[in-house]
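So the chains spell out like this:
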Amino acid sequence: MRRIPRPGVVAVAGLASLANGFALVVHIVGGLPLGALLAIVWSIALVAIAAMGAVGGPSIRATLVRTVGVGLVVGLAATLLYDATKAFLSVLDPSPYDPFETTRVFGRILIGADASPTAVTIVGWAFHLMNGSTFAIAFAALFARGGQIGLLRGLATGIGWGIFLETFQLILYPGWLSIGFLDEFRRISFLSHIVFGAILGLFVPAGLRWARRRMARNESGAR
């Protein structure tokens with residue numbers, strides 16, 4: 001069986017990892033249940049990734065594991081720094097704008113407004129962290145080129161990815177959430193996405209290079 005070229009397989013994984021974002025956009029625009037959408041799109045995404053790995057062979061599966069692993073780790077760190085940036089900027093802003101209300105909205109949508117506040121908070125934050133991690137995996141798969149990009153290009157591409165995500169958020173969130181403090185939302189969200197993208201651009205390519213070297217050393221040591 002002819003193997004699918006590696007960049008194509010990784011690109012499929014990158015597009016599949018956007019399942020969370022796709023489900024959220026469809027929910028906001030079409031009003032369909034977010035939980036059901038997540039179940040459907042992630043089922044399709046995981047089947048697509050598994051199929052690509054099965055067809056691609058061991059080396060491509062190793063590339064997929066590196067890409068997903070580095071994207072996940074860096075994505076979690078970048079998301080937490082994104083949140084820390086929002087918290088810091090909101091303290092500096094004199095308005096009562098709460099930059100973390102969106103996470104509670106996610107929780108209420110997924111498990112219902114009648115659920116306990118603790119459960120709503122946990123589910124909302126879990127979905128938020130999953131969003132950041134999967135967006136990072138998509139960046140790693142679609143733009144990092146296995147780590148074969150330089151520092152400046154990685155930084156520029158990461159910031160561009162952050163601005164792209166910010167653009168979608170600015171288009172969708174104000175009307176969906178009826179945000180009252182729109183100027184504060186724009187400022188805090190924009191700067192936080194710059195931080196998020198910069199972290200991805202700096203550390204995803206470096207992480208992929210490190211993972212590739214480590215795997216090569218392990219393979220040479222096993223011979």
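Draft legend 1. Highlighting the confidence of the model for the protein. Per-chain confidence: the protein averages 91 in pLDDT, with 95% of residues scoring 70 or above. In the model of the protein, helix α1 (residues 6-16) stands out as the element of lowest mean pLDDT, 81, in contrast to helix α6 (residues 117-142), which has the highest, 96. pLDDT under 50 marks residues 1-5. Its contacts with residues more than four places away, or in other chains, come to eleven contacts.

Draft legend 2. Just the pattern of salt bridges, in detail. In this structure the tally under the stated criterion is six salt bridges. In this structure, the salt-bridge partner of D93 is R187, at a minimum N-O distance of 3.2 Å. Pair noted here: D93 is in the loop between α4 (58-92) and α5 (101-111) and R187 is in helix α8 (residues 182-222), with a separation of 94 residues, a long-range link. By relative accessible area, which is 13% here, D93 ends up buried. Taking the relative accessible area as the measure of exposure, R187 reaches 47% and is therefore partly exposed. Notably, a salt bridge pairs R186 with D183, separated by 3.8 Å at the nearest N-O pair. Pair noted here: R186 and D183 are both in helix α8, with a separation of three residues, about one helical turn. Three or more residues joined by partner-sharing salt bridges are found here, namely D98, E101, R104 and R108.

Draft legend 3. Expanded view of the nonpolar core. In terms of nonpolar packing, the biggest core is built from 20 residues, with A23, L24, L34, L38, W42, F127 and Y173 touching the most fellow members. Mapped by element, the contributors of at least two residues to this core are α2 (19-30), α3 (34-56), α7 (151-177) and α8. It is α3 that provides the largest number of residues to this core, a total of six residues. In contact with W42, other than residues within four places in its own chain, are A16, S17, A19, N20, M130 and T134.

Draft legend 4. Representation of the packing of aromatic side chains in the model. Throughout the structure, instances matching the rule amount to ten aromatic pairs. Considering the side-chain rings of W161 and F164, the 5.4 Å spacing of their centres and the 15 degrees angle between planes classify their relative orientation as stacked. Placement of both W161 and F164 in helix α7 is noted, with a separation of three residues, approximately one turn of the helix. With relative accessibility at 7%, the residue W161 sits in the buried group. An aromatic cluster is defined as three or more aromatic residues linked by ring pairs; in this entry it consists of F139, F143, W161, F164 and F168.

Draft legend 5. Region of interest: a positive patch on the surface. A surface patch of positive charge is lined by R212, R213, R214 and R217. For R213, the location among the structural elements is in helix α8.

Draft legend 6. How the structure looks around the side chain of S189. Topologically, S189 is positioned in helix α8. Judged by relative accessible area, S189 falls into the buried class, the value being 3%. Side-chain polar atoms of S189 contact the side chain of E166, separated by 2.4 Å. Within the structure, the side chain of S189 is placed 2.7 Å from the side chain of Q169, a separation counted as a polar contact. When near neighbours in sequence (up to four residues on either side) are disregarded, S189 contacts E166 and Q169.

Draft legend 7. Up close: a nonpolar patch on the surface. Together, L72, V73 and L76 make up a nonpolar patch on the protein surface, roughly 250 Å² of accessible area in all. What makes V73 exposed here is its relative accessible area of 58%.

Reading the values: rules and limits
- Residues numbered from 1 in each chain as written.
- Predicted model: local features only at pLDDT ≥ 70, side-chain atom pairs only at ≥ 80, totals over all residues.
- Heavy atoms only, no water.
- pLDDT = per-residue confidence, 0-100.
- Helix = DSSP H or I, 4+ residues; strand = E, 2+ residues; numbered from the N terminus.
- Contact = heavy atoms within 4.5 Å.
- Salt bridge = Lys/Arg side-chain N within 4 Å of Asp/Glu carboxyl O.
- Buried < 20%, exposed > 50% of the residue type's maximum accessible area, 1.4 Å probe, protein only.
- Core = buried A, V, L, I, M, F, W, Y, C linked by side-chain atoms within 4.5 Å.
- Phe/Tyr/Trp six-rings, centres within 6.5 Å; stacked < 30°, edge-to-face > 60°.
- Patch = residues over 30% accessible without salt bridge, like charges linked within 9 Å, V, L, I, M, F, W, Y side chains within 5 Å.
- Areas by Shrake-Rupley, 256 points an atom, 1.4 Å probe, with all protein chains shown as cover.
- Lys, Arg positive; Asp, Glu negative; His and termini not counted.
- Charge placed at Lys NZ, Arg CZ, Asp CG, Glu CD.
- Polar contact = N/O pair within 3.5 Å; in protein donor to acceptor, adjacent residues only side chain to side chain.

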